Amino acid sequence: MTPPAPTAHPTDTAAAVAEVLGAVHSWDLSSNVDGPGTRFVAFLAGCPLRCLYCHNPDTWSSATGTPTTAGELLARIERYRRFIEVAGGGVTLSGGEPLLQPRFVEAVLQGCRERGLHTALDTCGVTGDRTPDGLLDLVDLVLLDIKSWGASRYRELTGGELEPTLRFARRLGARGQRTWLRYVVVPGHTDLDEVVDGVAGFAASLGCVERVDVLPFLRLGLDKYEALGIPYPLPDVPSPDEATLARVRERFERHGLTAV
C-alpha cells in the first residue's frame, strides 16, 4: 500500500506545509545509535525491502502507520526540544524507509530547521532517485544503510536491487553530504571478507563517509513475526561474536574509513 497522499506542496505557506500528511509508525528517544547525541527518532511506516534480518516487520506496510501531519509530529518533537538540545542531539527520521514519503519528510525537516534542530535521515537509499535536492538540503547527516555487496547477494538478503542505493550514494558524494554508513553484520551473509571489502571500497570512493557504524545482527522482533504470522527468516543464525565484529571493522579501516 502506498503512503497517504500529501495534502500540500512544499512551496505552499507554512500553515499548509504543517498539514502535509504522513504515516508514522512510532517514535522513541535514543542515544548515539541514530546519529550524534540523544535524538528524537520518528519511525515512518512503509518499506520496499524485505531484509532477512529485519526486526521491525510491522513497519513494512504504510497501513501500519498512524496518519499524522507534519505539524502534529513537530509538536511532539517540541516537547523534547530542550532535552535533546542540551544532550547535543537532534531529530532522526527513520523507518521503514522514510524516503517513501518525501513530501512529509521535507515538511518535518523544514520545521526542524526552523527550530534549529540537527537533522538526520536514516535510509537505504533505494528510492533516492525520486528525492528532491531541496529535501537533502535540509538534512545535516545521512545515515546510509548499504546492506550487502553484489547484485545477487543483495537481492538474496533484501529482496531488492543494489544499484539504486549505489546511485543515491554517488549523489551524496557529489553533493559532499555528511554521511555515516550503517553496516549490519549477519554471520554467513555480510561478514564475508569479499562482501565487506566491496562495500568498504565503494564507501571510501565517495569522499563523504565520515564513519562506519558496524552493527551486530540481533535476533529481535521474534514476537512481531509470530503476531503477523510470518516465519522468522534466520532462525538458526547467531549474533556475531566480538572477534567477527573486530575483523569487519578492521577491513573497513584498511580502506581508510573510521569504523566504530
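The present account deals with the structure reproduced in this document. (Residues numbered from 1 in each chain as written. Predicted model: local features only at pLDDT ≥ 70, side-chain atom pairs only at ≥ 80, totals over all residues. Heavy atoms only, no water.)

1. Re the side chain of D191
Summarising the element assignment, D191 is placed in the loop between β7 (179-185) and α8 (193-206). Excluding its chain neighbours within four sequence positions, the residues that come into contact with D191 are V185, V186, V196, T244, R247 and V248. (Helix = DSSP H or I, 4+ residues; strand = E, 2+ residues; numbered from the N terminus. Contact = heavy atoms within 4.5 Å.)

2. Considering the pattern of salt bridges
Considering all chains together, one arrives at 23 salt bridges under this definition. Among the ionic pairs, R254 bridges to E250, the shortest N-O distance being 2.8 Å. With R254 and E250 both in helix α10 (residues 242-254), this residue pair falls 4 residues apart, about one helical turn. By relative accessible area, R254 is classed as exposed at 54%. Ionic contacts of the salt-bridge type, sharing partners, join the residues D191, D193, D197, R247 and R251 into one network. (Salt bridge = Lys/Arg side-chain N within 4 Å of Asp/Glu carboxyl O. Buried < 20%, exposed > 50% of the residue type's maximum accessible area, 1.4 Å probe, protein only.)

3. Description of the pairing of strand β1 (residues 21-31)
Summarising the sheet, β1 and strand β3 (residues 66-69) pair through 4 bridges and their orientation is antiparallel. The partner of V24 across the bridge, within β3, is T66. Sheet topology places β1 next to strand β2 (residues 38-44); 7 bridges connect them, and they run antiparallel. By the bridge assignment, V24 is partnered in β2 with L44. (Pairing = 2+ DSSP bridges.)

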